[in-house]
Each structure stands twice: as C-alpha cells, then as structure tokens.
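Inside the fold
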Amino acid sequence: MKRLVCFFGELRSEQHRLAGGKGGTLAYLYQKGYLVPDGFIVMPTAFENDELRPEAWAQVQACLLQMRKAGEGISFAVRSSALGEDSSLASFAGQFETILDVRADSEIRQAIQTVRRSCHSEGVRAYSEAKGINPTHHDVAVVIQRLARADISGVLFTADPVTGSRLVMTGNFVFGLGEKLVSGQVEPYTFTLRRSTHPWRKTGYDGPPELKQFARKLYKLGSRLEKELGCPQDIEWAIASGKLYVLQSRPITTLTGYNPATGEWNDSMTGDYLWSNVNFGEAVTQVMTPLSWTVQQPIFDSWKILPGYQASGNIGGRPYLNISIFATVLRALGRSRQSTLQVLEGTMYTRIPEGMEIPVLPLPKWAIVSILPNLVKMQMKQKRAVRELPRFLAANPVWCERIRAQIQETNNKAELRSLWQNEIGHHLRQTVWSVMGSVSHFADHTMKLRRDLTRLVGPEDADTLLSSLSTSTGLRGDSSDLLASLGPVLGIAKLARGEMDRANYIARYGHRGPNEFELSVPRPAEDSGWLDEQLAQFRKSPVDVEALLSKQRTEFAVTWNRFQASHPQKARGMRRRIEEAAPRARLREAVRSEYVRDRWVARAFALRAGQLTGLGDDIFFLTIEEVLDVLSGDDITVKYIPARKKTYKRYLALPTYPSIIRGRFDPFRWGADPNRRHDIYDASAPSSSPTHDSSDAKGKVITGSAGSAGRIEGVVRRIDRPEEGEQLRKGEILVTSQTDIAWTPLFPRAAAIVTDVGAPLSHAAIVARELGIPAVVGCGNATMRLRTGDRVLVDGGQGVVVILHGVGSRPSSEVTERPIGSTHLHGGV
C-alpha cells in the first residue's frame, strides 16, 4: 500500500518538499536530534478535492494508535504544512488554521479537514497576492503532533528582522499555549539576547525575570538552528516541565536574499554586512543570469571559513565578497583594526573608506574552534593545487575538449544530467583550488615585494620593476612565455601579419572574450564574425604591441640599473625576488585562462540542456539545480522564467553598483536617486549625511589606486563596453567602469587607463604595466565624474586623476607626457 502518512523519523530527504515547509523542517530537525514533539505528516496525496481518502484515514488511525502507546491521555496539535508555507519568501504565520488540544479520533479527523480547507480562506488569498504567489496553487500537507503542554510559549528571531543585525536576538512570549501569541489575544512579553563579538564573553539578557533562567538555552538553540539551517531563523518554541521544545523554525522572511518567483537576488538583505566586489568586479563585468551565478556559487562556497555565514553573495545579479566574515575571523585571531584593514587591502584589494565601520559578527565558542581547522584545510588544498598546476595546465584543455564533444553526443536528458553530477560539477568545484592557489602563490609574494620596493625606490620605480612579467624580467635577456592576458592581442597582430592561422588562434584564445564568466554569452570561437571584427579594428588603428613591450623592457633595465647603483647590497636578493615574481604571474594568468575554458564547458552543457528540454536560451534563467530537475522531468520552475527575464533586464539597465556596500542595498532605489554615490553605499549612515561621492564632485581630483606608473595628459574617451572600442582613438585616455580580457586589444591604443573597479594586481593594472601605460584603477566614481572630451592628467604612480578642462577644450590628438622628476616619463621611467 502506498504510504500517504509519514512519521517525522521516517520521512526521506526526497519527500521533504512534498511534506510542506513546516512538515519538512520538523522532520529534518527531529531526525537531527532536536527536542521536537513527536508526530507525523499527512501528505498532500492523502487528499482528493480536500477530502481525506479512506485509505489515508486508516493510516492516520494506525499512527495515532502507535503514539498513544507512548503515553496515556495525550492530546494532539493539528497544524498546516503548505508547500509554500514557512519558506524564505513567505511564512504564512497565522494564515492557515491550527487546531490544538484534540484527543478523540473524530475530533482529529474534523481538525484535519478544517486545516486542509483553510487554504481557501480570505486571509490566505490576500497574503498570497501580497507575496506574489498564486493563491490557487496551494497544496497543503497536515502535521499531527503530540501537544507540548506549554508553561511558556514564544518566538525567537536570531537576527533583527528590520536591520538584519546579528548582534541581538529578539523575541516575544506568553504564559501557556502559543495560540494566544499567534492570534494576538494578549499583549506578549518582549525580551532580547545580546550576542557578544567575543567568543568567551557571556550572553546578555534583557526581559522579564520569569524567562531569565531559560535565556542561555534559548540562545544556544537559536545559534545552533541558525548554523544548522544556514540563515537567520524565526523560531517557535515552548517550555514544558522545564524542557525547551522546538515547534517550528523558518527563515526570517524580511532577511531573504532570493525570490525564485521573480529572480530578484539580493544577499545584502540577509544581514548587516560589509560587501565588496573589488575582487570580483573585473572578472564579472555584467549582471549574471541565474544559471551563471548558481554554477559559480558552490565554488565560492568552497571558501567558507565561518560556518553559518555566506563568504560571498549575489547583489542585484553581481557577485560580492562578504568582508565582515573575513574581518571577524581576523579580529578573532587577535588582529587589531589597523592590521585587519591592511590585510583586507593587501589580499582582497579592498580599501575601507576612513570612518566606515565594518560590522563584526558574533562568534559562539564553537566557531573559534572551527576557524583554524578551516583555514588550515584551505591552505593545504591551495598548496596541493599549486604543486599540481603543471599537470592541470597540460590536462585541462584536453579534458574540456573531450567533455564538450561528449555533451554534443548526448541525446538523452538523464545521461546529460548524470554527466553534470558525476563529472562536470565535480571538476568545476575542484579547479577553484587551482585558481585560489595560483592567486595566493602570486599575491603573497608580489604584494610583499611591492611594499619593499616602494619603501626603497618609491611607487613609480616599484611598478616598473614589477613589469616585464612576460619576459622573465629582462634581467637575463632571455625570452619566456607571455602573460595569458596578452596572448589574444598579440595573436591578432600575428594573424594580421600572416604569422598565425585562424584555427591556431581559435584553439589558443577562442574561449577568451567579453563577459567570459557569463554562460549565456557566446565565446569568440562560436562567432565566426568576431575574429573578422578584431582584425578590422586592428588594421584601422594598428599598434606595434611588441614595440611597447620592448620599450617597457628597456625602461625596466634603466630602472634596475638605478636600483643597483643606489642599493648595491640589496641588489642580489632583490633580483632573485623579482625574477621569481614573473613565473608566478604567468602561472596565475594561465590558470585563470583554463578556469575560463571550464566555463565554456558549462555553457556547452547549458546549451545542450536547452536543446533537449526545448527551452533554448531560456535555460539560462533557471538555477543549476532547477536545470537538473527539468532534465529529470520536474519542470515546475519553468513558469518563473518570464518574470526572471524581466528582472534580469531591469538589472542590466542599472549603472554598475558601488564597489563597497554596507547593510541593506536596494539597487532599483539607488539607481533612481540622482544624487547616488558610485563609490560606496552605507545603509547605516544618517539620512542627513552627504549623498555625493567622497571626492567632491565640484573638485578636480579623482582618487583611486596606483595601477601602473606614469604621468600623462590627454583627452578622455568614456566607453561602457568593449564592443564600443572602435570609438577609441589612438592616444586617448580610456575611462570605463571595469575591464576584462575583452578590453585588452584596446589598451595599446590608449594613452592611459582609468577604471571605477580594480586593484594593483587586477587585469587592467597588470596588462597596463606590461605595456608601459599609466593606469589608475578602483576610482569608484570616474565614469560618473568624467565625460568624453574632458582633458585630464593621469598620474598612475600616485593613483590620481586631475580634471584640467571640461568637454571639448583641446583636440584628442594633443597628448603631453609630463616627466616625474628629471627622467621619469610615460612608462614610469
């Protein structure tokens, strides 16, 4: 006989969704050992037109008989468990019926019917419409539990439901059963549990004395459930005979980061955190589709060092790093605020504005115990990956080619699903350690080297000595591999001269292009006209890239000779360190290229899934889990695609968001504000605070980070997309929000580069240094302050841009190189 009723302890993981929000969660917590009153779930399949099937009622009676054997005279609570109830989007608290304190079978049967039919009530309809949920689509399971005869009943929010702050837990309670609290029959008592940011300090309690003896238990329960379920919780609890019972736990709906019905993704709503996309902004230059984000998200989750908190998040379709987590860990390990700021700037390229607070998270004792092992595991994985990088770089192109061919040969949806689960997904999760390892291998060495060189010879000479990464360093005069980022632009020049054929170019660089982390964007290899466009642009405005590299090597040699003369005792050791930086840089760039090649495999999988399911390009508006569900025959989420496409277009229409965001950020509200800040957003700032950018819009100086040394005057060409590159004239100053490898062919034409997003070790800075082009990166507001035709002075060594004249003051062909001191020119020498 088909099981239409399941005890909490028997519900399988694949049945949780059908058991509804409340039933699935209670069964999960019961199986995990939480003190949940025993019970069972009457599944939706037990009903026909809201009437309980006879065979289902027989199974209910058998379950009741079994529970009654455990205690004489027990009574029951009959509760709703709609499939959309108690979810991250909608709690439906108090909307469906709950019947308490029923004993006889006849009473219980009547209660089951009442609860089931409550899905048609006016309250449920109005609440559903307010949440954007179709009120006719409710399917309701029914939970039957042993009634906990409560002395005290209450709710506990493990975060402030308004601000998202994790520093306090707040709650309400009443004496007796919780029905009076839910219905609003009595005025509840209020209490707070203050969380400490230090793991060894006690929790503070504010509230009526009757609850104080249970405060510690409530705090532990809240912390444990928050960790177990992965987000801030709204917990229903009861105290009976001195025991603390869990009656339900659900996400706090006001702190939800994702709405699957509309495709709105905003993890800044999940709490009071400090977010930065300085690290991600260059790699992901546009809004991500749901599929692209969810393919990448498990990879970001590999960096999780503090259980219960997201290391990264999606804000309006763009990836951000949760700086609060890393700051919390550093502070817990004894770092001062100043030391923490230095680490964040040195390793995550995030410079926190002066006076801006970093929300530090509360740390329970178990967290501090888990941090060190997590950090050690991450470091070990990275070190192992670095040792295996030569093998990875040799094997990955072969693997990608094999899997892409296998994808095309797959004509069965189940086989395609299996291919992702058994091979592609696993490969993508593992290769993240190759990327992280290569980045750390390069950054740990180079950031310290840069600091030491700057102390000895200043930022301009330091930048020059860290250039020529494509050719060993120029010290030995031998030739080595190019930086992978320079390959496509040099390849175009060779192709134009007939030194490389098209097939060879596509094999090497066909996977690199604009917005290369977005799966919905075709790769150059897929577009036969792309290469022709690149050749046409090159022939229209040819630039001798090899000459630029040669010039930079010469300038390196001059700078190195100057270093030897001024610091003869340090020359030998510094030479060794500089020589070591070059292969590390090339390794990092090569690994990133292969990481991008992996994204091409993921795109091929998505395209094939679109073909086999008939969804075509709409497949990109499903999450990866939903794609796998559709491949297995479950297409319930396909109905959300039109709304998600509309949201995606709204995100695309917005300006690039601020690089640093504190607190809850509404991208649409921000985008509609004519006085919005483009560099930072701080939700905690008082409403009377200035809303203009930190560098006064009426001033003449824009401040960023020193990307590539050199000082030059010229005329601005502001471009938003690399496809607009034909507008850039030779000798103009390229100003844009952020760059990826698709911008590299434009760099040789530019006199200087200025970006809103970026850091000293980012793509724009490294390529600019190689080519000897001054660059100021990470300005935050350059695209807001500068217009095409403005005349500016770019000082790459100091990280500043000075506005000299407004639009149209001088022709763009007039470019002036200004020396720094007596010998330093355009290239930093």
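Residues numbered from 1 in each chain as written. Predicted model: local features only at pLDDT ≥ 70, side-chain atom pairs only at ≥ 80, totals over all residues. Heavy atoms only, no water.

Things to note about the overall build of the protein chain
Summing up its helical and strand segments, the protein chain has 24 helices and 29 strands in all. Within the span of the protein chain, comprising 829 residues, buried residues form 56% of the whole. In the protein chain, 68% of the contacts between residues at least 6 apart in sequence involve partners at least 24 apart. Accessible area of the protein chain: about 34,400 Å², with a carbon and sulfur share of 51%. (Helix = DSSP H or I, 4+ residues; strand = E, 2+ residues; numbered from the N terminus. Buried < 20%, exposed > 50% of the residue type's maximum accessible area, 1.4 Å probe, protein only. Contact = heavy atoms within 4.5 Å. Areas by Shrake-Rupley, 256 points an atom, 1.4 Å probe, with all protein chains shown as cover.)

Considering the packing of helix α15 (residues 487–496) against helix α16 (residues 502–509)
For any two helices packed against each other, the geometry comes down to the angle between their axes and how far apart the axes lie. Two numbers describe how α15 lies on α16: the axes approach to 11 Å, and their chain directions differ by 180°. Classed by the angle they form, the pair α15 and α16 counts as roughly antiparallel. Listed contacts from α16 to G487, P488, G491, I492 and L495 of α15 are R502, Y505 and Y509. Broken down by class, the residue content of the contact of α15 with α16 amounts to 5 nonpolar, 2 polar and 1 charged. (Axes fitted to C-alpha atoms, helices over the stretch in contact; angles between N-to-C directions. Parallel < 35°, antiparallel > 145°, perpendicular 65-115°, else oblique. Nonpolar A, V, L, I, M, F, W, Y, C, P; charged D, E, K, R; others polar.)

Observations concerning the pairing of strand β7 (residues 140–146)
Along β7, 6 of the 7 residues are buried, which leaves the element largely enclosed by surrounding structure. Pairing between strand β2 (residues 39–42) and β7: 4 bridges, direction antiparallel. Paired with V42 across the bridge in β7 is V142. Note: strand β5 (residues 76–82) against β7, 7 bridges, orientation antiparallel. Counted as the bridge partner of V78 is I144 from β7. (Pairing = 2+ DSSP bridges.)

Let's talk about the nonpolar core
I407, W420, I424 and F605 are the most contacted members of the largest nonpolar core, which has 84 residues in total. Judged by nonpolar contacts, the second largest core, of 32 residues, contains L11, L26, M169 and A215. (Core = buried A, V, L, I, M, F, W, Y, C linked by side-chain atoms within 4.5 Å.)

Side note on the sheet that holds β7
Sheet architecture is open: 5 strands sit in the order β1-β2-β7-β5-β6, paired in antiparallel fashion. The open sheet has two edge strands, β1 (5–7) and β6 (98–102), and neither has a second partner. With strand direction ignored, the average angle separating the axes of adjacent strands in the sheet is 20°. Against the sheet, helix α2 (residues 54–68) touches β1, β2, β5 and β7, its axis set at about 20° to β1.

Here we look at the sheet that holds strand β17 (residues 312–315)
Read from one edge of the open sheet, 5 strands run β17-β18-β16-β19-β20, paired in mixed fashion. The open sheet has two free edges, formed respectively by β17 and β20 (680–682), since each of these has just one partner strand. Strand-to-strand twist across the sheet, computed as the mean angle between neighbouring axes with direction ignored, equals 25°. Sitting on the sheet, helix α10 (residues 323–332) is in contact with β16 (274–276) and β18 (318–322), with an inclination near 15° to β18.

Some words on helix α7 (residues 215–229)
Helix length check: α7 (15 residues) gives 21 Å between terminal C-alpha atoms against 21 Å at 1.5 Å per residue, within 8%. Downstream of α7 by one or two residues, G230 has phi in the positive range, about 85°. (Expected span 1.5 Å × (residues − 1).)

So, the side chain of T25
Note that T25 resides in helix α1 (residues 20–31). For T25, a relative accessible area of 17% puts it in the buried group. A polar contact is formed between the side chain of T25 and the backbone oxygen of G21, at a distance of 2.9 Å. The residues contacting T25, other than those within four sequence positions of it, are Q248 and S249. (Polar contact = N/O pair within 3.5 Å; in protein donor to acceptor, adjacent residues only side chain to side chain.)

So, the packing of helix α13 (residues 389–409) against helix α19 (residues 568–613)
The contact between α13 and α19 brings their axes to 10 Å, and the two run at 15°. When the interaxial angle is binned, α13 and α19 end up roughly parallel. Pair α13 / α19 crosses with left-handed handedness. Here L389, F392, L393, N396, P397, W399, C400, I403, R404, I407 and Q408 of α13 come into contact with α19, specifically with L587, A590, V591, E594, R597, D598, W600, V601, A604, F605 and R608. Taken together, the residues of the contact of α13 with α19 break down into 15 nonpolar, 2 polar and 5 charged. (Left-handed = near helix turned anticlockwise from the far one by under 90°.)

Examining the pattern of salt bridges
Pairing of side chains with opposite charge becomes possible as their charged atoms draw close. Counted according to the given criterion, the structure contains 41 salt bridges. Put simply, R149 and D101 hold a salt bridge, and the shortest N to O gap is 2.9 Å. Taken together, the residues span a long stretch of sequence, with R149 in the loop between β7 and β8 (152–157) and D101 in strand β6 at a distance of 48 residues. Here R149 falls in the partly exposed class, since its relative accessible area comes to 42%. Across the pair R512 and E516 runs a salt bridge whose closest N-O atoms are separated by 2.9 Å. By sharing partners, the salt bridges in this structure join R79, D234, E236 and R250 into a single network. (Salt bridge = Lys/Arg side-chain N within 4 Å of Asp/Glu carboxyl O.)

Comments concerning the environment of R523
Here R523 lies in the loop between α16 and α17 (528–540). For R523, a relative accessible area of 2% translates into the label buried. Sequence spacing of R523 and R599 is 76 residues, and the spatial spacing of their C-alpha atoms is 10.0 Å. Within polar-contact distance, the side chain of R523 engages the backbone oxygen of E518 at 3.1 Å.

Focus on the environment of R429
Tracing the backbone through its elements, the reader meets R429 in helix α14 (residues 413–465). Looking at R429, the relative accessible area reads 35%, which means it is partly exposed. Dropping the residues within four chain positions of it, R429 is found in contact with I299 and S302.

Let's talk about the packing of aromatic side chains
Taken as a whole and judged by the stated rule, the model has 21 aromatic pairs. Pairing Y258 with W265 gives two aromatic rings, centres 3.7 Å apart and planes at 25°, and the pair type is stacked. We classify Y258 as buried; its relative accessible area is 17%. Within the aromatic cluster, the residues linked to one another by ring pairs are F173, F175, Y189, F191, Y205 and W237. (Phe/Tyr/Trp six-rings, centres within 6.5 Å; stacked < 30°, edge-to-face > 60°.)

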